[in-house]
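Structural description and commentary
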Amino acid sequence: MSLYRIEIIEIEAPDAGDERLAGRLREAGLPELGAVHASRLFFIESPADAPLDDASMRAIAADLLVDPVVERFELLSAGQEVRLPPGKTCVEVHPRPGVMDPVAESVLAELRAAGHAVQSVRTARRYVLDGAFAAPRVRQTVARVLANECIEEVVVGTLGLRPAPQPPLREFRVRHVELRALNEAGLERLSREGHLFLSLDEMRTVRAHFDLLGRDPTDLELETIAQTWSEHCVHKTLKSAVVYRGAAMPNSTHGGRTGPTGCGPEGEAAEVELRYANLLRDTIVRATDAVVAAGRGPRCLSVFKDNAGIIEFDEEYGVAFKVETHNHPSAIEPYGGAATGVGGCVRDVIGCGLGARPIANTDVFCVAPSDWPADAVPRGVLHPWRVLRGVVSGVADYGNRLGIPTVNGAICFDPRYLGNPLVFCGCVGLIPRDRVEKAARPGDRIVLIGGRTGRDGIHGATFSSAELSDTHADEFSHAVQIGNAITEKRVLDAVLAARDDERGCLFSAITDCGAGGLSSAVGEMGEHTGAVVDLERVPLKYAGLRYDEIWISEAQERMVLAVPPQNLDRFLEIMRQEECEATVIGTFGDSPGRGRDAARGGPRLIVRYAGEVVGDLDMMFLHNGLPRRERDASWTSAHRAPPSGLNPDADPGAGAWGSDRSAPQARPQAPAPGSSPPDTPLVSALHAVLSDPNAASKAWVVRQYDHEVQGGSVVKPLGGPGDGPNDAAVLRPRLDRTRGIAVACGLAPGLSDLDPYWMALNAVDEALRNVVAVGGDPRRTAVLDNFCWGRVDDPRQLGGLVRACQGCHDAGVAYGVPFISGKDSLNNEFALDAADVEPLLTTIGRYLGADGESRRTWGETAERIRRTGRLSIPGTLLISAVGIVEDVRRCVTADLKCGGHALLLVGGLPRVGFDLHAALAVHVAVADAITAGLLRACHDVSDGGWLMGAAEMAIGGARGFDASPGLRAAPDAFLPLAAAYVVEAAEPETLRSRLDRAGVRHVLLGQVRDERTCILGDERTDVAALRRAWSVEAGDGRL
Amino acid sequence: MPAPRVCILRVAGTNCDVETQYAWELAGAHAERIHIRRLIERPALLDACAALTLPGGFSYGDDISAGRIFAAQVQRHLLDAVVGFIDRGGLVLGVCNGFQVLVKTGLLPFPGETGGPRRCSVTYNQPRGFQDRWVTLAAGDHECAFLEPGRRYELPIAHGEGRVVFSDEPALRRVTDAGLDVLRYVPSEAVPSDEPFNPNGSQADVAGLCDPTGRVFGLMPHPERFVVATQHPRWTARGGDARSDGLAIFRRAVACMAPGRALATTSE
């Protein structure tokens, strides 16, 4: 064997080093650091019988690895010492064995293709720091900002030249778990220590099942059941029976009928008891059924049954939309967690129907404030700025490489996301309408395509049901995955080629191999046919995997297809052409070699390894055996009834990329007694709301995403000469047509403590207004729900969830907007080290405004954290919306267009207690005005109030306005509103008479000015100053 | 007259091929997307084509560096075929990742010197990081099959490795003196901006290069992303101005493919 180490060193500016890296390291704990030089390492091994020599290795380095214009290389062979320059500190960062290393894979493939006998390629990074530092301090600092010890090893000095570690080979042996002998304590221990995360009740059911069979389960069988019954896969909480006791729902009588709207504030509502047989079905699904039955909404082609929901786009195509969370992995490894979150969601769209083509991605992040004091981060938690920076890079790198534009999103800051940051990834796809239905048939071959299987990502599905704690990073490092986007791009190209083959679609079903790995994918596809799988056929990244590891590995970029035998050759030929690995691993349907418990009949899931049966499960038990639970939920309002007509809420909202939020600390406060008010109170307040992190420009994020690839971009995240925020993205998915889609989101976690019911309604309202504001049709808009909640074992938390679900129902029915897909992520709580509790409460307290709702509810929340030792996220509901745009040439953007035009406020209802039908009338009236060509600019009003909306329009248009009339007529310029828009009209009288006829309220705010000055009564401000306030970057110059 | 044929070469990670095909067809060509495996098996496929396009994307993940592995495959299997194609009067367009590949194979700026040491590269942006935004460009005077001399273009960029660099001053001067830096970033006259007009720190503000014949052209911006009016970031404010700068590039190339409009067919 020969082993070489090749170091690639930049030759530009040899003395300066990388100032960006140096800055991060100085802030993170090495303030006296000089320059830092980064270089890349390649380790290349060739076999003993055909070793590569110095000359060939130099040629490889010069021809392939180095860019001769900007880089040079140094070559070392085994036995030579790595030079450690005096007065400097060297650090190497190596991927841990088994962690995905896309560059190494590409280099290996290319070298082999070029005819070199190469055995392995590994990569690493090296940093040379000017100055002699103590090893532990450097290691810790580098680990904090330049590496992640969960997936990488940080070595101070050098690892030298070490051969690639060989994974241990283990002898094959079927292992049984002695389940039947366990008492209840034993069952609970097995569930926890085996990372099964099943409840005692569920463990008892499994035990009873095997008691009946008269045998113990194999480890693989137990794992399969745990994966299939995991919260992640089956959503057992949302589908369970719930008894709700507490405050009545404002708008509805229970059971789906919409009652009179606009009831009094919820604090006055009576106590009720409501029973839901299946919470999800009785609220969200019921709303969709009602909308469809009434002939409202877009035409729904597939709802709640496939990997994504599908609505009609035109006569030939449907639009598929899926949004997922990837919270737990992102908390531990933000970059990899977010990247694989994108990858998983994109595969859901590829695996929807018989394959949709992804056309857009969305992302929403909920994180703690990025200026969190570095010394106040609890054990086991990554600094929120590091989390945010990591997840943004992860989404950018993966989405950009796949060639899918990331077009819409939001970032929402709240201290309670510290332990459990939320990462929502969405994907929109275009699918031919005759490819929507799928079903695996008996005899179809089970074909696994894409990436190889490794030990990565084991227990992701069950891990997502666990509560995070200060030790989770160690315990669950195996659940973290790093993606390889190009493998997924190959899968995408290959699946579409097989779907659109000239002989017709070559496969009869497809699904993503995601959470639960093969166990879930094959188990689901074969539910009605049965399946036989031979695990030794699965291509592995490296030897040494046990059969159960192969079965539940969540290695990325894999999909499972059902291919009829007559299409198999053609299918495999297409996979070869597209350079996508494909392997037949079994057959759907009953097999001659049925397993041991065959007497019971019904389809079975039979798993073999080297011919021996290692699992044999009854599909009926697997999919329907989960014991149903009845849960208690309660909700009592801890809050005073809000004063009529006023909105009490002042909590942080989300910051849509574009738009429109403010958080309590930035909300204009009444001057403290005794202090002198500023000379320009309105302008100061406006600058404050614009510079709040929730509202401020997200350009630093948007610019990292390719939001224009595929050429369909019509309304971009930022627009106008001043690059101001737009409300939604508009795409033209078929380049030769003028029909488009609007993609938007809404969330209002700031209302969660007050009442999740109104949080849900505001989220739906916001998503809809964002669609409408760009020219989308509210009558042809569908939405998706993504719930992220705390521990729903707590009846009060579950009560909040019930109210949010009911809010979704009422909004869907009143607006005529169907829910087409959804997901939930529960148990988003962080178990704190006891010593961290009080310091954390102090830090959070500093982020709360002196007044406002969050301050009022804080005492209760703090008490709960003290009592339980756990930090829970605020109940969070993301609503994602996709709406049809009949003709993209009629779209409207938010930037002000022309001096002299009128500026109006249209609609505007209090966020709590508003009348849903009045709100719908506003949305429809604005949409119709856009269709009629009456609006030159349109922007939704949200948490920051109408003045902030107008200011964002001024920034985008690089124009001013005079809002003096508006300040007299609608004085509460910063009041958050529902169903409200600021619009620019060339012919205001035509617009006003139209709105009057529709019964929609409107107020003339003033006039657009071509001069770049805004006039606010007696005060003035430059648009440039507004822009500066808004352009403060989150985490700018921080850790 | 039948529409001229265009070959769009794709590999794993190519991701702008579909809209590039649409742009060519809108300009009047007949474009086909061809996987590199097929072209390696049958290089003669190029014989029927008037133009070869290397579209944007992240070929092989841009592992090692942008376009590096794609370039290695072209060098190993297709260099003779492509050089022959150029010599016969074919047009070559490289967009973004395709431009990086043309430079890293040595096909730009001097296709006649692919065997020698490389003096030009496209590397990490300065400051570092991927950026998607619109830029203003000006065409030089050198004859190029794709550009109207002196014209200004507005197009989007979307890249993390777009900085054009030369190994030394003479290498740079050789290119600029010959006018091969045929597309450069310039300040916008329409929109004031805080951002630098040169988005990536390219030497001499180079956004695109052509070879001495003007038939081989590569650029970092994406002309295929501006072929209809609604792709412009300010189209809702532009009124009736429907000029699509990207389409103009494809149209001019198609016009060059027509008989009687062919450029000189021998290298200088």
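The present account deals with the structure reproduced in this document. (Residues numbered from 1 in each chain as written. Chains lettered and ligands numbered in written order. Predicted model: local features only at pLDDT ≥ 70, side-chain atom pairs only at ≥ 80, totals over all residues. Heavy atoms only, no water.)

Looking now at the overall build of chain A. Broken down by element type, chain A carries 30 helices and 41 strands. In chain A, which comprises 1039 residues, the share counted as buried stands at 65%. Considering only contacts in chain A between residues 6 or more positions apart, those separated by 24 or more positions represent 83%. (Helix = DSSP H or I, 4+ residues; strand = E, 2+ residues; numbered from the N terminus. Buried < 20%, exposed > 50% of the residue type's maximum accessible area, 1.4 Å probe, protein only. Contact = heavy atoms within 4.5 Å.)

On to the overall build of chain B. Secondary structure assignment for chain B yields six helices and 11 strands. Against the compact-globule benchmark of 18 Å for 268 residues, chain B has a radius of gyration of 17 Å, which places it among compact chains. For chain B, the spread of C-alpha atoms along the three principal axes comes to 50 × 45 × 35 Å. A burial count over chain B gives 64% of its 268 residues as buried. Counting every atom, chain B has about 9,300 Å² of accessible surface; 50% of that belongs to carbon and sulfur. Here chain B carries 28 positive and 30 negative side-chain charges, and the mean point of each set is 3 Å from the other. (Rg over C-alpha atoms; globule rule 2.2 N^0.38 Å. Areas by Shrake-Rupley, 256 points an atom, 1.4 Å probe, with all protein chains shown as cover. Lys, Arg positive; Asp, Glu negative; His and termini not counted. Charge placed at Lys NZ, Arg CZ, Asp CG, Glu CD.)

Turning next to the pattern of salt bridges. All names here are of chain A. For the coordinates displayed, the defined rule picks out 91 salt bridges over all chains. The salt bridge involving D548 is made with R546; its shortest N-O contact spans 2.9 Å. A relative accessible area of 29% means that R546 is categorised as partly exposed. It is possible to trace a salt-bridge network through shared partners that takes in R739, D777, R779, R780, E886 and D928. (Salt bridge = Lys/Arg side-chain N within 4 Å of Asp/Glu carboxyl O.)

Further remarks concern the nonpolar core. If you look at the biggest cluster of nonpolar residues, it comprises 108 residues, and the most contacted ones within it are L65 of chain A together with W24, F146, L147 and F217 of chain B. Per-element tally for this core: the top contributor is helix α3 (residues 68-87) of chain B, with 10 residues. The contacts of L147 of chain B, once residues within four sequence positions are left out, are A139, Y153, V182, L183, F217, I249 and R252 of chain B. Ranked by size, the runner-up nonpolar core spans 85 residues in total, among them A763, V772, V774 and V912 of chain A. (Core = buried A, V, L, I, M, F, W, Y, C linked by side-chain atoms within 4.5 Å.)

Another point: the packing of helix α26 (residues 916-931) of chain A against helix α29 (residues 988-998) of chain A. All names here are of chain A. Put simply, α26 and α29 touch, their axes get as near as 10 Å, and they point 145 degrees apart. Viewed along their axes, α26 and α29 form a crossing whose handedness is right-handed. Across the interface between the two elements, A925, D928 and A929 of α26 pack against L991, R994, L995 and A998 of α29. Partitioning the contact of α26 with α29 into residue classes produces five nonpolar, no polar and two charged. (Axes fitted to C-alpha atoms, helices over the stretch in contact; angles between N-to-C directions. Left-handed = near helix turned anticlockwise from the far one by under 90°. Nonpolar A, V, L, I, M, F, W, Y, C, P; charged D, E, K, R; others polar.)

Residues and elements named next belong to chain A. Taken in spatial order, the three strands of this open sheet run β8-β7-β23, and their pairing is mixed. The open sheet has two edge strands with one neighbour each: β8 (271-276) and β23 (630-635). Averaged over all pairs of adjacent strands, the angle between their axes in this sheet comes to 15 degrees, without regard to strand direction. As defined by bridge partners, strand β7 (residues 241-247) adjoins β23 across six bridges and the pair is classed as parallel. Note on β23: the bridge partner recorded for V242 is R631. Across the face of the sheet, helix α23 (residues 795-815) comes into contact with β7, β8 and β23 while running at roughly 85 degrees to β23. (Pairing = 2+ DSSP bridges.)

On to the packing of aromatic side chains, then. What characterises a pair of aromatic rings is the spacing of the ring centres plus the angle enclosed by the ring planes. Scanning the entire structure with this criterion turns up 13 aromatic pairs over all chains. With a centroid separation of 6.5 Å and an interplanar angle of 25 degrees, the aromatic rings of F58 of chain B and F130 of chain B are classed as stacked. With F58 of chain B in the loop between β3 (51-54) and α3 and F130 of chain B in the loop between β5 (120-123) and β6 (131-139), the pair connects residues that are 72 residues apart, well separated along the chain. Site record: aromatic cluster; members linked through ring pairs are F172, Y547 and Y609 of chain A. The cationic tip of R796 of chain A hangs over the ring face of W635 of chain A; the distance from NZ or CZ to the ring centre is 4.3 Å. (Phe/Tyr/Trp six-rings, centres within 6.5 Å; stacked < 30°, edge-to-face > 60°. Lys NZ or Arg CZ within 6 Å of the ring centre and 35° of its normal.)

Let us now look at the interface of chain A and chain B. It is common to give the size of an interface as the accessible area that goes away when the parts come together. Between chain A and chain B, the contact holds 57 residues from the first and 53 residues from the second. When residues of chain A are sorted by the area they lose upon contact with chain B, V69, R703 and E708 of chain A head the list and together hold 13% of the total. On inspection of chain A and its partner chain B, the count reaches six salt bridges. In this structure, R76 of chain B engages E110 of chain A in a salt bridge whose closest nitrogen and oxygen atoms are separated by 2.4 Å. On inspection of chain A and its partner chain B, the count reaches 24 residue pairs in polar contact (both at pLDDT 80 or more). Going through the elements one at a time, α2 (54-65), α3 (102-113), α12 (384-402), α15 (485-499), α18 (568-577) and β25 (713-715) of chain A are the ones with two or more residues in the side of chain A that touches chain B. At six residues, the largest contribution of residues to the side of chain A that touches chain B is made by α3 of chain A. Here the side of chain A that touches chain B is composed, by residue class, of 19 nonpolar, 12 polar and 26 charged. (Buried area = accessible area lost by both parts, 1.4 Å probe. Polar contact = N/O pair within 3.5 Å; in protein donor to acceptor, adjacent residues only side chain to side chain.)

A few words on the environment of S330 of chain A. Residue and element names in this part refer to chain A. Note that S330 resides in helix α10 (residues 327-332). With relative accessibility at 0%, the residue S330 sits in the buried group. With 173 residues separating them in the primary sequence, S330 and G157 have C-alpha atoms 30 Å apart.

Moving on, we come to the state of the cysteines. All names here are of chain A. Scanning all chains against the criterion turns up zero disulfides over all chains. In this model C580 remains outside any disulfide bridge; the closest cysteine sulfur is found in C513, 13 Å from its own. Of the residues examined, C580 reaches a relative accessible area of 7% and is grouped as buried. (Disulfide = S-S within 2.5 Å.)

Below, the discussion takes up α2 of chain A. Those residues of α2 of chain A not exposed but buried are S56, M57, I60, A61, L64 and L65 of chain A. Viewed end-on, α2 of chain A has its buried residues packed into an arc of 140 degrees, placing them on one side of the element. Looking at α2 of chain A, the residues exposed on the side facing more than 90 degrees away from the buried face are A55 and D63 of chain A. Buried residues along α2 of chain A sit against β1 (2-10), β2 (36-46), β3 (71-77) and α3 of chain A together with α3 of chain B. (Arc of directions from axis to C-beta.)

It is worth spelling out helix α9 (residues 279-293) of chain A at this point. Residue and element names in this part refer to chain A. The terminal C-alpha atoms of α9, which comprises 15 residues, lie 20 Å apart, in line with the 21 Å expected from a rise of 1.5 Å per residue. At R286, α9 shows its largest kink, close to 40 degrees. Lining the buried residues of α9 we find β7, β8, β30 (781-788), α23 and β31 (819-825). Looking at where α9 begins, the residue whose side-chain oxygen comes 3.2 Å from the main-chain nitrogen of L280 is N278. Just past α9, the residue G295 takes up positive phi, approximately 70 degrees. (Expected span 1.5 Å × (residues − 1). Bend = angle between axes of the 7 residues up to and from the residue.)

A few words now on the side chain of K823 of chain A. Residues and elements named next belong to chain A. If you trace the backbone, K823 turns up in strand β31. Look at K823 and you get buried, because its relative accessible area is 14%. When sequence neighbours within four positions are dropped, the list of residues in contact with K823 reads H232, H235, K322, V323, E324, D785, N786 and F787.

Before going further, it helps to examine unusual backbone geometry. The amide bond that connects L108 of chain B to the next residue, P109 of chain B, takes the cis arrangement and shows omega of 0 degrees. Relative to the helices and strands, P109 of chain B is located in the loop between α4 (97-104) and β5. If you check the backbone angles, E557 of chain A has positive phi at about 60 degrees while not being a glycine. Inspection of the secondary structure puts E557 of chain A in the loop between α17 (547-552) and β19 (558-563).

Our next topic: the environment of L605 of chain A. All names here are of chain A. If you trace the backbone, L605 turns up in strand β21 (residues 604-609). For L605, a relative accessible area of 2% corresponds to the buried category. Sequence separation of L605 and D590 is 15 residues, and the distance between their C-alpha atoms is 9.0 Å. The residues contacting L605, other than those within four sequence positions of it, are T224, V522, G523, A531, W551, G615, D616, L617, M619 and L622.

Before going further, it helps to examine the pairing of strand β4 (residues 91-95) of chain B. All names here are of chain B. Counting buried residues in β4 gives five out of five residues, a clear majority hidden from the surface. In β4, alternate side chains face the same way, and those of L91, L93 and V95 on one face and V92 and G94 on the other are all buried. Across four bridges, the pairing between β3 and β4 is parallel. What sits directly across from T53, in β4, is L93. The parallel pair β3 and β4 is bridged by α3, and the resulting crossover is right-handed. (Right-handed = clockwise from strand over helix to strand, strands pointing away.)

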